[in-house]
Amino acid sequence: TDGRYDLVLAADVLEYIGELRLLLEETRRVLVPGTGLFALTAEKLEFVGDQADSRPGVALLPSGRVGHTKAYLQEAAANAGFEVMVFEEAELRLNRGVPVLAIVLVLRAR
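Residues numbered from 1 in each chain as written. Predicted model: local features only at pLDDT ≥ 70, side-chain atom pairs only at ≥ 80, totals over all residues. Heavy atoms only, no water.

Asker: Would you mind going over the sheet that holds strand β6 (residues 98-109) in detail, with residue names and values included?
Answerer: Taking strand neighbours across the sheet as the criterion, the four strands line up as β1-β2-β6-β5 in an open arrangement whose pairing is mixed. Edge positions in the sheet fall to β1 (7-10) and β5 (82-95), since each has one partner strand and no second. Looking at each pair of strands side by side, their axes are set apart by 20 degrees on average, direction ignored. Pairing of β1 with strand β2 (residues 37-43), which is carried by four bridges, proceeds in the parallel orientation. Residue pairing for β2: L9 is matched across the bridge by A39. Sitting on the sheet, helix α2 (residues 70-79) touches β2, β5 and β6, and the angle it makes with β5 is about 140 degrees. (Pairing = 2+ DSSP bridges. Helix = DSSP H or I, 4+ residues; strand = E, 2+ residues; numbered from the N terminus. Axes fitted to C-alpha atoms, helices over the stretch in contact; angles between N-to-C directions. Contact = heavy atoms within 4.5 Å.)

Written as structure tokens, this is what we have:
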């Protein structure tokens, strides 16, 4: 297909990248429109309390990796031209015996 891909996978990658705009836009650009999929995982960032809505959607976690909020991921995906097909929380792995919570996404290029 004219140099485009059917699937791009980024598992255990986003926690090393802060702002995702460029990654999402470039991935969208190389996928087959309408059918190309981008499957990815992102470590979950969650704020609680009264000011949760005013917090940034990307932040450094105590582990030294980057976390992303659900809202940030949904908005960034939509802005880059993706339709969200799968959006689930999962336990990604154990880090020193502690579960690392993640968001699993499958996005379809529009």
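Asker: Go over α2, please, and point to the residues and values.
Answerer: Those residues of α2 that sit buried are Y72, L73, A76 and A77. Along α2, the residues classed as buried sweep out an arc of 125 degrees about the axis, all on the same side. Structural note: α2 exposes E75 and N79 on the side pointing more than 90 degrees away from its buried face. Residues of α2 that are buried sit in contact with α1 (21-30), β2, β3 (58-60), β4 (66-68), β5 and β6. Immediately beyond the C-terminal end of α2, within one or two residues, lies G81, with a positive phi of roughly 95 degrees. (Buried < 20%, exposed > 50% of the residue type's maximum accessible area, 1.4 Å probe, protein only. Arc of directions from axis to C-beta.)

Asker: Please provide a residue-by-residue account of the side chain of R65, values included.
Answerer: If you trace the backbone, R65 turns up in the loop between β3 and β4. A distance of 2.5 Å separates polar atoms of two side chains, one belonging to R65 and the other to E43. When near neighbours in sequence (up to four residues on either side) are disregarded, R65 contacts E15, Y16, E43, A59, L60, R93, N95 and V100. (Polar contact = N/O pair within 3.5 Å; in protein donor to acceptor, adjacent residues only side chain to side chain.)

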